[in-house]
Amino acid sequence: MAENEALRGWVDEVRKLATPDQVVYCDGSPGQWDSLVKECLLTGELIELNQQKMPGCYLHRSAAHDVARTEHLTFVCTPEKEAAGPNNNWMAPADARTKLAALYQGAMKGRTMYVIPFMMGPPNSRFSKIGVEITDSKYVVLNMMIMTRAGKIALDQLGTSNDFTRCLHSLGDLSPERRFICHFPADNAVWSVGSGYGGNALLGKKCLALRLASYLGQKEGWLAEHMLILGVQPPGGEVQYITGAFPSACGKTNLAMLVPPPSMPGWKVTTIGDDIAWLRPGDDGRLYAVNPEAGFFGVVPGTSRKTNPNAMEMIQTNTIYTNVALRPDNTPWWEGHDDPPPAKAIDWQGRPWTPASTDKAAHPNSRFTTPAKQCASISPEIDNPNGVPITAMLFGARRQRVVPLVYQSRSWQHGVFLGATLSSETTAAATGKVGVLRRDPMAMLPFAGYNMADYWAHWLKVGKALSDPPRIFRTNWFRTDENGKYLWPGFGENLRVIKWILERCAGKGSAMDTVIGETPTPGALDLKGIDLSGPALAKLLLVDPAEWAEAVQGQEQFFETFGLHVPEAIHTEHKRLAQRVQDASASSDLHGRDHGA
Ligand code: OXD
Ligand code: MN
């Protein structure tokens, strides 16, 4: 039971509204974990996996229509619509409260209401924030216990303070008709109802650590980003830290846990985070990052010993699987697993499945939830209250065409422009069509808690506070040939690109100027040990001014949707790019005519 008066008052208020049968405080203890698991096994919320082979592992099957973030049901409730920006759905705060209060009314009758104090970020750190989630889902409690520093540790840190994010969640009736995820930045609160899915229901993650935190960051002078954090140590060198923003399901977890290829002996990679980074300027003029989370909520399909050996090892114990298939020996299976498809299995919805089935065995957005400390590559710096200094930042996306493997921005301002113009083909992490190209600035389109153009202005402002800012790069592991085959091997081989990036940050590494930024010269990437043809490399690095002329137009239309909020510096960078593209097109026309004459 909490001593904190503000907390007790809020819990009481919610109890009266939602009328649960009982209220249970989460202390974060192993004993409480065990008894919650036992209850979930009885209710069917969890299915026990093979405990000999995979101790502490369980399977959860969600409702069939509750399998991904529902962006169209997610709202930012600021007094003025403009503050939320065209990047967010908006509801007036009073309307949202009325609408959702009606849905919470009596919603926990017959259920237990859990109160989960949690901390985002390392203990005793100026980066960290306290939240409290009230929920009627045991699955949410268990996941929050993995994904955050939950229970006593957070209550102790909170003390008697009223400064905590109030996160209210109820499964409601799980109907998408009555599903809403509403953020109230001015009140430091989130209300979510009608979904048990990760990003909609584990409110410390996207809701607090990105949407509300980005808003707080704007006020307090820091950044909350959809970024992995990794440490890279070249042979005989110092560890350098890199962050990377990639849209959901574009390989952040794989990159964060990268295993260096055998042909790059002596390189070492350590993991700090795979999804979210909080970044603050340090006294030395560098940018420092922490991972606010304590676990990994990763996409399962495609995870294998080949693509991510560290993750595969890590998810053999103490892991909650959501929506994967079950084999006859009670072990999980999914598309892209190392083992071949089983002759028979139970699919993610609990139906019999065979390789002849037309449906997938595991849902494409099936997930694992695992404590970060179980990862073999976890960095000793994960709990460092001061964070780690960032040398380079990557903006990456899934693009089959146009965007080269890697290029470097010319300055912080140009780097912010590269982030602002990021676009990517959609994935199964959110409901909606997969594979459609959409703008996703800084991979934050679904997560920026305020007007995206004001957020670019904030990025520019943070850059001014840094005398030694990270260098900014754009990457694209996903370029394909004419037959749709990936040109770049990806996964561990991405270290080759990182090696060039670190060389560039050290003022070395060879690059050529192109219309969009600086790409590696043909010999600059370390390709020893991989089989990549000259034409494939040329295609990977190609910057085609004609294709970029089209992109420039698309960018302009996108910026127009933000009207006067777009910072002048972004317009300047856009004009510069347009001019360069135009000059290059003119000179290649001339070149073409010369040859043709
Ligand atoms: C996630 C997401 O779950 O981005 O991390 O959807
Ligand atoms: Mn994410």
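Worth saying up front: this structure is predicted, and the values here are computed from it rather than measured.

Colleague: I'd like to hear about helix 5 (residues 138–147), residue by residue, with values.
Modeller: Taken across its ten residues, helix 5 has ten buried, putting it largely inside the fold. Within helix 5 the residues assigned to the buried category are K138, Y139, V140, V141, L142, N143, M144, M145, I146 and M147. Residue S137 occupies the N-cap position of helix 5, its side-chain oxygen lying 3.3 Å from the main-chain nitrogen of Y139.

Colleague: So what's going on with the nonpolar core? Which residues, and what values?
Modeller: Ranked by internal contacts, the top residues of the largest apolar core, which has 98 residues, are W278, L279, M393, W456, W459, W548 and I570. Taken together, domain 1 (5–47 + 68–221) and domain 2 (225–291 + 380–562) each give at least three residues to this core, which thus spans both. Look past the residues within four positions of W456 in its chain and what remains in contact with it is V416, A420, P441, M442, F558, F559, F562, V566, P567 and I570. Counting residues in each nonpolar core, the second largest holds 36 residues, with L255, I501, L525 and L541 among its members.

Colleague: Explain the site of ligand 1 to me, and be specific about the residues and the numbers.
Modeller: Taken together, R69, K205, K206, H226, S248, D275, F297, R367, A429 and F447 are the residues near ligand 1. One of the side-chain nitrogen or oxygen atoms of K206 is found 2.9 Å away from an oxygen atom of ligand 1. Against a free-state accessible area of 210 Å², the protein chains account for coverage of 95% of ligand 1. Considered class by class, the residues forming the shell around ligand 1 number three nonpolar, two polar and five charged. Formed jointly, the shell around ligand 1 draws a minimum of three residues from each of two domains, domain 1 (5–47 + 68–221) and domain 2 (225–291 + 380–562).

Colleague: Lay out the pairing of strand 7 (residues 129–135) in plain terms, naming residues and giving numbers.
Modeller: As a general feature of sheets, a regular strand has side chains that alternate between the two faces. Extensive coverage of strand 7 is indicated by the burial of seven of its seven residues. Of the two faces of strand 7, the one carrying K129, G131, E133 and T135 and the one carrying I130, V132 and I134 are both buried. Sheet analysis places strand 7 next to strand 9 (residues 165–170), joined by four bridges and oriented parallel. Across the sheet, residue G131 finds its bridge partner in strand 9, namely T165.

Colleague: How would you sum up the domain arrangement of the protein? Please name residues and give values.
Modeller: For the protein, the assigned domains read domain 1 (5–47 + 68–221), domain 2 (225–291 + 380–562) and domain 3 (296–374). Summarising the inter-unit geometry, the C-alpha centres of domain 2 and domain 3 are found 28 Å apart. The partner domain 3 presents 15 residues to the 14 residues of domain 2 that form the contact. If you sort the residues of domain 2 by the area they bury against domain 3, M257, A428 and F491 come out on top, with a joint share of 40%. The tally of links from domain 2 across to domain 3 stands at one salt bridge. With a closest N to O distance of 2.7 Å, D383 and K373 form a salt bridge. Viewed at the interface, domain 3 and domain 2 are joined by four residue pairs in polar contact (both at pLDDT 80 or more).

Colleague: I'd like a rundown of the coordination of the manganese ion (ligand 2), residues and numbers included.
Modeller: At the metal site, the manganese ion (ligand 2) is ligated by K206 (NZ), H226 (NE2) and D275 (OD), and these contacts range over 2.2 Å. Sequence positions of the donors to the manganese ion (ligand 2) reduce to the motif K-x19-H-x48-D. Linking H226 in the loop between strand 12 (223–225) and strand 13 (227–233) with D275 in the loop between strand 15 (268–273) and strand 16 (277–281), this pair joins segments that are 49 residues apart in sequence. Overall, the relative accessible area of 9% leaves D275 in the buried class.

Colleague: Explain the packing of helix 2 (residues 30–43) against helix 5 to me, using residue names and the numbers behind them.
Modeller: Axis separation between helix 2 and helix 5 bottoms out at 10 Å; the angle between their running directions is 145°. Remark: the crossing between helix 2 and helix 5 carries left-handed chirality. Side by side, helix 2 and helix 5 meet where W33, L36, V37, E39 and C40 of the first sit next to K138, V141, L142, M145 and I146 of the second. Within the contact of helix 2 with helix 5, the residues separate by chemical class into eight nonpolar, no polar and two charged.

Colleague: Account for the environment of T74, naming residues and giving values.
Modeller: With respect to the helices and strands, the residue T74 is situated in strand 4 (residues 74–76). Residue class for T74 comes out buried when judged on its relative accessible area of 10%. Note: C-alpha distance between T74 and I181 (107 residues apart in sequence) is 4.6 Å. Not counting residues within four places of it along the chain, the set of residues in contact with T74 comprises N89, I181, H183 and R211. Polar contacts involving the side chain of T74 include one to the main-chain carbonyl oxygen of T70, which spans 2.8 Å.

Colleague: I'd like to hear about the confidence of the model for the protein, residue by residue, with values.
Modeller: Of all residues in the protein, 98% have pLDDT values of 70 or greater, and the mean over the chain is 96. Predicted confidence is poor over residues 592–597, with pLDDT under 50, and the contacts of this stretch with residues over four places away or in other chains come to zero contacts.

Colleague: Help me get a handle on the sheet that holds strand 2 (residues 47–48), residues and values and all.
Modeller: Pairing within the open sheet is mixed, and its five strands lie in the order 2-3-19-24-18. Edge positions in the open sheet fall to strand 2 and strand 18 (295–299), since each of these has one partner strand only. The pairing of strand 19 (residues 320–322) with strand 24 (residues 367–371) spans three bridges and is classified as antiparallel. By the bridge assignment, T322 is partnered in strand 24 with R367.

Colleague: Tell me about the pattern of salt bridges, and please be specific about residues and values.
Modeller: For the coordinates displayed, the defined rule picks out 33 salt bridges. In this structure, R438 and E71 form a salt bridge, with 2.9 Å as the shortest nitrogen-oxygen distance. Taken together, the residues R438 in strand 28 (residues 437–439) and E71 in the loop between strand 3 (58–60) and strand 4 connect sequence positions 367 residues apart. A residue is classified by how much of its surface remains accessible, and R438, at 26% relative accessible area, is partly exposed. For the salt bridge of K129 with E220, the shortest nitrogen-to-oxygen distance reads 3.2 Å. Of this pair, K129 sits in strand 7 while E220 sits in helix 8 (residues 204–220), and the two are 91 residues apart along the sequence. When salt bridges that share partners are traced, they join K205, K206, K252, D275 and E293 into one network.

Cut-offs and rules
Residues numbered from 1 in each chain as written. Chains lettered and ligands numbered in written order. Predicted model: local features only at pLDDT ≥ 70, side-chain atom pairs only at ≥ 80, totals over all residues. Heavy atoms only, no water. Buried < 20%, exposed > 50% of the residue type's maximum accessible area, 1.4 Å probe, protein only. Helix = DSSP H or I, 4+ residues; strand = E, 2+ residues; numbered from the N terminus. Polar contact = N/O pair within 3.5 Å; in protein donor to acceptor, adjacent residues only side chain to side chain. Core = buried A, V, L, I, M, F, W, Y, C linked by side-chain atoms within 4.5 Å. Domains from an automatic or database assignment. Contact = heavy atoms within 4.5 Å. Near = heavy atom within 4 Å. Areas by Shrake-Rupley, 256 points an atom, 1.4 Å probe, with all protein chains shown as cover. Nonpolar A, V, L, I, M, F, W, Y, C, P; charged D, E, K, R; others polar. Pairing = 2+ DSSP bridges. Buried area = accessible area lost by both parts, 1.4 Å probe. Salt bridge = Lys/Arg side-chain N within 4 Å of Asp/Glu carboxyl O. Donors = N, O, S within 2.8 Å, 3.2 Å for Na, K, Ca; no water. Axes fitted to C-alpha atoms, helices over the stretch in contact; angles between N-to-C directions. Left-handed = near helix turned anticlockwise from the far one by under 90°. pLDDT = per-residue confidence, 0-100.

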